Amino acid sequence: MTLKAVLFDFNGVIINDEALHQQLIEQILIEENVRPNPSEYREICLGRSDRACLTDLLNRQGRVVTEDYMNTLIQRKSSRYLTELTSINPLPIYPDVPDALYKFKAAQLKIGLVSGALREEIDIVLERGQLSDDFSVIVSSSDIKTSKPDPEGYLLAVDQLNEQFPNLRLEPSDCLVLEDTPAGITAAKRAGMSVVGVANTYPFHMMQRQANWTVDYLAELEIERIQQVFEGQEPRQTAA
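Note that the structure is a prediction, hence the values are computed from the model and not measured. (Residues numbered from 1 in each chain as written. Predicted model: local features only at pLDDT ≥ 70, side-chain atom pairs only at ≥ 80, totals over all residues. Heavy atoms only, no water.)

(A) Structural context of the pairing of strand β1 (residues 5–8). Because side chains alternate across β1, one face comprises the buried residues A5 and L7, and the other comprises V6 and F8, equally buried. The pairing of β1 with strand β4 (residues 175–179) spans four bridges and is classified as parallel. Pairing of V6 across the sheet is with L176, part of β4. (Buried < 20%, exposed > 50% of the residue type's maximum accessible area, 1.4 Å probe, protein only. Helix = DSSP H or I, 4+ residues; strand = E, 2+ residues; numbered from the N terminus. Pairing = 2+ DSSP bridges.)

(B) Quick peek at helix α8 (residues 182–190). Of all the positions in α8, only P182, A183, G184, I185, A187 and A188 are classed as buried. If you follow the buried residues of α8, they end up packed against α7 (152–164), β4, β5 (194–198) and α9 (204–210). Immediately downstream of α8, the backbone of G192 shows phi near 90°, a positive value. (Contact = heavy atoms within 4.5 Å.)

(C) Structural context of the packing of aromatic side chains. As enumerated under the stated definition, the model contains three aromatic pairs in all. Ring geometry for F8 versus F104: centroids 5.9 Å apart, planes at 70°, classification edge-to-face. Pair noted here: F8 is in strand β1 and F104 is in helix α5 (residues 97–106), with a separation of 96 residues, a long-range link. Note on F104: relative accessible area 2%, which makes it buried. For the ring pair F8 and F135, a centre distance of 5.6 Å and an interplane angle of 85° mean the geometry is edge-to-face. (Phe/Tyr/Trp six-rings, centres within 6.5 Å; stacked < 30°, edge-to-face > 60°.)

Now the structure itself:
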């Protein structure tokens, strides 16, 4: 087994925008005559798509959620998110992301991104952060029908990398995933991938219970050591 690809989550790993997402979701709920519950948001929404988040929050209130109704809410929320981004300068991209990307490219690893965010949201952040060229594939909520912790997005990224690089012969077990939430870690593991838990959103000890490796910051990631684990030169860590 060889490490061939690294797959990034987006919100909470590349950009520090979870507080903005919570603010906008709560604003939507108030407009729909639902009282926001911060602890409920954390339980239901972190690591999941806006569609899954809003659907579950409204279902808990006994609301009937049709596809057209949900599409309207998603569009409203996304429009406000993009507007907010235009007023934020610089964007809150985690400062160690560019260096991590450089290290992965230097190690000749393919790099992808798998997120429940909308593609237009991802694109504007990567473009403004001058990161667009670093990702060979991007899987967004526009490409899949499910949300993390379902593994569909990660499996699709493998398929897309194999289409783009036929000689890669990538298997899920050849991938390393960078995630910041339990939902994301579960999705990656269900896809058959190893995971680095980045303690940006949840405490280190919570990430450590579920991920194969855990770091406080991406800068702490020792890619050479992880490569040795993939090659069987060091014992693989497992979640407690």
